[in-house]
Amino acid sequence: MFKNVYNWIDERLDITPLWRDVADHEVPEHVNPAHHFSAFVYCFGGLTFFITVIQILSGMFLTMYYVPDIIHAYASVDFLQHQVAFGQIVRGMHHFGASLVIVMMFLHTLRVFFTGSYKAPREMNWVVGMLIFFIMLGLGFTGYLLPWDNKAYYATKVGVEIAASVPYIGPYIADFLYGGDIVGAQTLTRFFAIHVFFLPGALIAMLAAHFLMIRKQGISGPL
Amino acid sequence: MAHGHKSNEKVVFVGDSRVKKAGMFQTPPDYTAFPGKSEAFIPNFLLKEWMVGCVVLVGFLVWVIAEPAPLGYPADPTNASFIPMPDWYFLFLYQFLKYPYVSQDYVLLGTMGIPGIMFGALMLAPFLDTGKERRFYRRPIASSLMLLTLASCVYLTVVSWDHYQHMLAENNTIPEHHERADKAREAIERGEPRPNPLKKAAAIIEADDPAMSIAQAQCIGCHAADFSGAVGPALIGVGNRMTQEEIAAIITNGSENGAMPHFNDKLSAEEIDQLAVWLAKQTQ
Ligand code: HEM
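Residues numbered from 1 in each chain as written. Chains lettered and ligands numbered in written order. Predicted model: local features only at pLDDT ≥ 70, side-chain atom pairs only at ≥ 80, totals over all residues. Heavy atoms only, no water.

Requested: an account of the coordination of the iron atom of the ligand, with residues and values cited.
Residues and elements named next belong to chain A. Looking at the metal site, the iron atom of the ligand is ligated by His108 (NE2) and His210 (NE2), spaced 2.0 to 2.1 Å from it. Metal-centred angles of 85 to 178 degrees between the 6 donor atoms at the iron atom of the ligand mark the site as octahedral. A residue pair is termed long-range when its members are at least 10 positions apart, and His108 in helix α5 (residues 87-114) and His210 in helix α9 (residues 185-217) qualify at 102 residues. For the pair His108 and His210, one class covers both residues: buried. (Donors = N, O, S within 2.8 Å, 3.2 Å for Na, K, Ca; no water. Tetrahedral: all angles 85-135°; square planar, octahedral: opposite > 155°, others 65-115°. Helix = DSSP H or I, 4+ residues; strand = E, 2+ residues; numbered from the N terminus. Buried < 20%, exposed > 50% of the residue type's maximum accessible area, 1.4 Å probe, protein only.)

Quick one: what's the story with the domain arrangement of chain B, residue by residue and with numbers?
For chain B, the assigned domains are domain 1 (38-68), domain 2 (80-199) and domain 3 (211-280). Using only C-alpha atoms to locate each centre, domain 1 of chain B and domain 3 of chain B end up separated by 58 Å. (Domains from an automatic or database assignment.)

Which residues make up the interface of chain B and chain A, and what values go with them?
Taken together, the contacts link 82 residues of chain B with 82 residues of chain A. Carbon and sulfur atoms make up 69% of the area that chain B and chain A hide from each other, which totals about 7,700 Å². The tally of links between chain B and chain A comes to 3 salt bridges. Its salt-bridge partner being Lys119 of chain A, residue Asp129 of chain B comes within 3.1 Å of it at the nearest N-O pair. If you look at where chain B meets chain A, you find 34 residue pairs in polar contact (both at pLDDT 80 or more). Put simply, the parts of the chain that give the side of chain B that touches chain A at least two residues each are β1 (39-40), α1 (41-66), α3 (107-123), α4 (125-128), α5 (140-170) and α6 (176-189) of chain B. Element by element, the count of residues in the side of chain B that touches chain A is highest for α1 of chain B, at 12 residues. Residues that form the side of chain B that touches chain A fall into these classes: 53 nonpolar, 13 polar and 16 charged. Sheet topology places strand β1 (residues 26-27) of chain A next to β1 of chain B; 2 bridges connect them, and they run antiparallel. Bridge pairing in β1 of chain B places Val27 of chain A opposite Glu39 of chain B. (Contact = heavy atoms within 4.5 Å. Buried area = accessible area lost by both parts, 1.4 Å probe. Salt bridge = Lys/Arg side-chain N within 4 Å of Asp/Glu carboxyl O. Polar contact = N/O pair within 3.5 Å; in protein donor to acceptor, adjacent residues only side chain to side chain. Nonpolar A, V, L, I, M, F, W, Y, C, P; charged D, E, K, R; others polar. Pairing = 2+ DSSP bridges.)

Any chance you could break down the UniProt feature "transmembrane region" (unreviewed entry) in chain A for me, citing the residues and the numbers?
UniProt feature "transmembrane region" (unreviewed entry): in the numbering of this structure it lies at residues 39-67, 96-114, 126-146, 158-179 and 191-214 of chain A. Split by type, residues 158-179 of chain A is 73% helix and 0% strand. Its first and last C-alpha atoms lie 16 Å apart. (UniProt positions renumbered as here; feature names shortened; annotations may be inferred.)

Outline the packing of aromatic side chains, listing residues and values.
Going through the model one piece at a time under the given rule, you end up with 28 aromatic pairs over all chains. With centroids separated by 6.5 Å and ring planes inclined at 90 degrees, the aromatic side chains of Phe106 of chain A and Trp88 of chain B adopt a geometry described as edge-to-face. Pair noted here: Phe106 of chain A is in helix α5 and Trp88 of chain B is in the loop between α1 and α2 (91-96), and the two residues belong to different chains. With a centroid separation of 6.0 Å and an interplanar angle of 80 degrees, the aromatic rings of Phe133 of chain A and Phe134 of chain A are classed as edge-to-face. Given the relative accessible area of 8%, Phe133 of chain A is considered buried. Put simply, the rings of Phe106, Phe133, Phe134, Phe141 and Phe191 of chain A together with Trp88, Tyr89, Phe90 and Phe119 of chain B pair up and form one aromatic cluster. Above the face of the Phe113 of chain A ring, Arg139 of chain B is positioned so that its terminal group lies 5.5 Å from the ring centre. One residue, Lys266 of chain B, lies across the ring of Phe263 of chain B, its end atom 4.7 Å from the ring centre. (Phe/Tyr/Trp six-rings, centres within 6.5 Å; stacked < 30°, edge-to-face > 60°. Lys NZ or Arg CZ within 6 Å of the ring centre and 35° of its normal.)

Explain the site of the ligand to me, and be specific about the residues and the numbers.
All names here are of chain A. Contacts to the ligand come from 27 residues, most closely from Tyr42, His108, Arg111, His210 and Ser220. With respect to the ligand, the side chain of Ser117 contributes an N or O atom lying 3.2 Å from an oxygen atom. For the shell around the ligand, the elements supplying multiple residues, two or more each, are α3 (44-62), α5, α6 (123-145) and α9. Tallying contributions element by element places α6 first for the shell around the ligand, with 7 residues. For the shell around the ligand, the per-class residue count stands at 13 nonpolar, 12 polar and 2 charged. (Near = heavy atom within 4 Å.)

Just give me the short version of the environment of Asn150 of chain A, but keep the residues and values in it.
With respect to the helices, strands and loops of the structure, Asn150 of chain A is situated in helix α7 (residues 150-164). Accessibility expressed as a relative area gives 3% for Asn150 of chain A, which makes it buried. Along the sequence, Asn150 of chain A and Glu161 of chain A sit 11 residues apart, while their C-alpha atoms lie 16 Å from each other. Those residues in contact with Asn150 of chain A that lie beyond four places of it in its chain are Tyr73, Pro74, Ala75, Asp76, Asn79, Phe82 and Glu176 of chain B. At 2.8 Å, the side chain of Asn150 of chain A forms a polar contact with the backbone nitrogen of Asp76 of chain B. A distance of 2.9 Å separates a polar atom in the side chain of Asn150 of chain A from a polar atom in the side chain of Glu176 of chain B.

If you want it as structure tokens, here you go:
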């Protein structure tokens, strides 16, 4: 049955090379923890991706309830946390996942660094990785404001004040993020848009580049 | 199948179009150069990865269910005493900017100079460290710089956290999300609903009811003028806990421990009934 459907589509679209490009490759022994336990360090990239997927999915569910305005933001999060079935779990996944994904990303970066995997010919992938790194920090910063409690409010205030102290461009950055003179209604909608559309879009594009390069170059050889 | 083209054709087109049929985007890299046993990604390795993924997911869910995500009180821009606290992975930068020579007059060095050099160097690592050697113990400069940076970041994070705990102790406060969670737990233990921080002062319902004036005459000494509770418990929301009959009974006979006096001598049965009907409406 499935095979027939697959063949029917494959006849028309020739999809076999597509998935082969994506997935048909070998996993060499030196990165396979089944052979060398210490090779678990090579799993951190995959785990980062796994948690990133969790973040995207849980975030999609959060936006079903979250209302990005200063009157309803807190109330909607509170409602989600205490009234909605499984809301506490979904919010918890997104909240703690945000920390976990950063931890995994740090570990992955350290693995790449200490195995010298950023060296030629993988320089570009390292630079893309660093861009991902900054996007992730940006997601963490913008997401922190969204529950609109005091912790969110004052952390954002301090953060933007620090950015504003940069000479010349600082005031422009602050203006862009605040959308006014204080952390207020405009700031919240901007952070929401950045957190939910701009940065995830950029992240997905960068991840695509990251994986394409890994696939093209293969994993780095044994040390 | 599209693979069925005759192999002696020079250019193969996709179907009946003028689009040239491309070869595979990528022939899988040949790992025969690497020592040992390689394994097919699909399906062998992927299955193992999924098993690990399931274990990770279950562990993660257990953590998430055991520990609800924190939520403090609604943002109040006029709150001057709140101690700001970024998320943990920004603490190293936050702490760093508190030191002299990277703050105030020198803040440029703190916001741009040093972080710029550090992150710039990290970003350009492949172009700064161009040697062929990959093993970290043969790259003493790169490895020791990274270890030093790591140690500094951990140190700054710990100092920042300590400082925060110290500030909390000094101001004799606890973080708002803890305070709120504690209050909610206590309220639930008392059988009251979870306090909603958005309803600032919950008001009495139907304050123009004639029972209100009886209550003002008799009850506010112990239950407070706004009925938020003093010697006796809050009467706002009492309707959640008690039925009209139970309320009538406690007004008539007092509480079993005698802390709440009986009113069957001071109020008529009719007045008590009025009170009980009105109090039973006090739901939150
Ligand atoms: C969301 C964040 C990221 C995800 C999901 C991700 C995912 C992955 C995956 C699955 C691999 C395959 C090897 C492995 O699992 O270790 C990989 C390799 C690599 N990553 Fe990342 N990565 C992320 C962030 C980064 C960052 C922040 C850097 C460094 C600045 C980086 C640099 C690299 C490099 C250079 C490789 C090739 C390593 C080699 O061939 O041995 N990545 N990444």
